[in-house]
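Examination of the molecular architecture
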Amino acid sequence: MTGKEKRDFVVLGGVGAIGRVVVRDLFESHSQNLVLIADYNEVASREYANSFRSRRVSAVFADASKPVQLVKIFRGHTVVINCTQHDFNLNVMRAALAAKVHYLDLGGLFYWTRKQLKLNGQFKRAGLTAILGMGCSPGITNVMTRAAVDKLGNVESVRIRVGAKDFNALPADFFFPYSAQTIVEELTLTPWVFERGKFHEVKPRAGWELVNFPRPIGAQWVVRTRHSEVATIPLSFKSHGLEFCDFKVCFDREFVREVVKRLKNGWTVSNFAKLPTPRGKPNDYEVSRVIARGGRKVITMDCDAKANRRWHASAGDIDTGCPPSIVAQMIAMGVITRRGVLAPEVAVPVEAFFDELRKRGMKVTCDTLSEE
């Protein structure tokens, strides 16, 4: 390090469910971290900033659809962490480039990620780092894929599976555990699969599979959805022989049927977003899994996460919100020095990242099976 590093972060969308965790983690990680909450909801931003009772956290109004305004907000900071919806990613990313600050986001639902990768040359020339999809999945799963491939040498297939269980949820509950827009898009847009060395689309809500996750989750149905991991992992490991990559996440099958039924009856994302969310203390568990096959070996890596009641954050909030904070700090402090637009599996140091996850109550395990 040169001594010129600054711990000065902007969290765009900082009062959303994930943004709040990013802000909290940045604040508690290091006594010199400065955090600016930038959000369209100015009142909530200032209330959240004031709740820290510290000069290290401040707030400002920000409209993610207005790049010129974003440039002014970002200028002079070190890293911007974009926690807005993925369709703002290019706007925010270009603003970060103009403001000469490093950039992170939570993923671009495949389509936006592919567009964002085209800015690689501009970020390289500017001496800036942009890491795309640095949450749970994409994010943790990408780095676990890197760890698995490093152990295997060559890899033929990568299968990513995410399972979760909410112990507060009742069978009759119908609510959205995260962004209504993202869930509706995941269930209605065509997922991409990398198969036989080529990308292709498959039908929405296809490929249901029963997966046995460790306790306390157990058996869960997972289904293919459009996701960003599949946009980058095949490119990163093509030279390692990768021929297949897909992503599946658990959804209650009755929940999916109800969403589809309401969409057919004219419901919009706005209608779904207005549904009440349970207010009890979070009590859930999530496991993100990578299954990598190379030759006669199969490596299974799991990352377990649980709710943080002190932060009033679910397991999904924790394993999505802590990784961007961790990696943003790695960029700011010179641990990550590679420049350009990068995927997590290319940019993030594996063991250092896993160590930071453990500090936050997440555990990464690895099992290797050798076939006869």
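Data block above holds the structure.
What this report covers is the structure whose coordinates are included nearby. Per-chain numbering applies: the sequence of each chain, read as written, is numbered from 1 onward. Given that the model is predicted, a residue must reach a pLDDT of at least 70 before its local features are reported, and side-chain atom pairs must reach 80 or more before they are shown or counted; all residues, however, enter totals for whole chains, interfaces and linings. To get the side-chain values, take all heavy atoms of the structure and skip hydrogens and water.

**Section: the environment of V60**
The test is simple: The helix and strand labels rest on DSSP assignments: H or I over at least four residues marks a helix, E over at least two residues marks a strand, and numbering proceeds from the N terminus. Burial status follows relative accessibility: with a 1.4 Å probe on protein chains alone, a residue under 20% of its type maximum counts as buried, one over 50% as exposed, and anything between as partly exposed. In what follows, residue pairs with any heavy atoms lying within 4.5 Å of each other are defined as contacts.
In this structure, V60 sits in strand 3 (residues 57-61). Classification of V60 by relative accessible area gives partly exposed; the value is 23%. Separated by 48 residues in the primary sequence, V60 and L12 have C-alpha atoms spaced 9.7 Å apart. Sequence-distant contacts of V60, defined by excluding residues within four places in its chain, comprise L36, I37, A38, D39, R46 and I73.

**Some words on the packing of aromatic side chains**
Let me state the cut-off plainly: A pair of aromatic rings is counted whenever rings of Phe, Tyr or Trp (Trp by its six-membered ring) have centres within 6.5 Å, and the orientation is called stacked for planes under 30 degrees apart, edge-to-face for over 60 and tilted otherwise. Consider the ring centre and the ring normal. A charge sits over the ring if Lys NZ or Arg CZ is within 6 Å of that centre and within 35 degrees of that normal.
In the structure shown here, the tally under the stated rule is 14 aromatic pairs. Of note, R20 hangs over the ring of Y48, and the distance from its end group to the ring centre comes to 4.4 Å. Directly above the aromatic system of W221 lies the positively charged group of R253, at a separation of 4.5 Å from the ring centroid.

**Re the pairing of strand 11 (residues 219-224)**
Inclusion rule: Strands qualify as paired when DSSP identifies two bridges or more between them.
Here strand 10 (residues 209-212) runs beside strand 11; their pairing, made up of 4 bridges, is antiparallel. Note that in strand 11 the partner of V211 across the bridge is Q220. What sits between strand 10 and strand 11 in their antiparallel hairpin is a turn of 6 residues, with G218 showing a positive phi close to 80°. The sheet contact formed by strand 11 and strand 12 (residues 244-250) spans 3 bridges and is antiparallel. Residue V222 lies in a different strand from strand 12, and its bridge partner there is C250.

**Re helix 3 (residues 67-74)**
In plain terms, the rule: Throughout, the arc means that of the directions going from the helix axis to the C-beta atoms.
Every buried residue of helix 3 is accounted for by L70, V71, I73 and F74. The buried residues of helix 3 occupy an angular sector of 165° when projected down its axis, which confines them to one face. Residues of helix 3 that are exposed and point more than 90 degrees away from the buried face comprise V68 and K72. Two residues or fewer after helix 3 comes G76, characterised by a positive phi angle close to 90°.

**Structural notes on the packing of helix 8 (residues 180-188) against helix 10 (residues 253-264)**
Axis angle and axis distance: for two packed helices, these are the angle between their axes and the distance between the axes, and together they describe the pair. Here is the rule: Comment: axis = line fitted to C-alpha atoms, over the contacting stretch for helices; angle = value between 0 and 180 degrees taken between N-to-C directions. Throughout, the term roughly parallel applies to angles under 35 degrees, roughly antiparallel to angles over 145, roughly perpendicular to angles from 65 to 115, and oblique to all others. Lys, Arg, Asp and Glu make up the charged group, whereas Ala, Val, Leu, Ile, Met, Phe, Trp, Tyr, Cys and Pro make up the nonpolar group; the residues left over, Gly among them, are polar.
Running from N to C, helix 8 and helix 10 cross one another at 95°; their axes reach a closest spacing of 11 Å. By the angle between their directions, the pair helix 8 and helix 10 is classed as roughly perpendicular. Between helix 8 and helix 10, the contacting residues are I183, V184, L187 and T188 on the first element and F255, V256, V259 and L263 on the second. Along the lines of polarity and charge, the residues of the contact of helix 8 with helix 10 split into 7 nonpolar, 1 polar and no charged.

**Structural notes on unusual backbone geometry**
With an omega of 10°, the peptide bond running from S137 to P138 counts as cis. Mapping P138 onto the fold places it in the loop between strand 6 (129-131) and helix 7 (140-152). In this structure, the amide linkage connecting R215 to the following residue, P216, adopts the cis form with an omega of 10°. At R53, a position not held by glycine, the phi torsion is positive, near 50°. Considering the arrangement of structural elements, one finds R53 in the loop between helix 2 (42-51) and strand 3.

Geometric descriptors of this kind do not, in isolation, establish any biological role.
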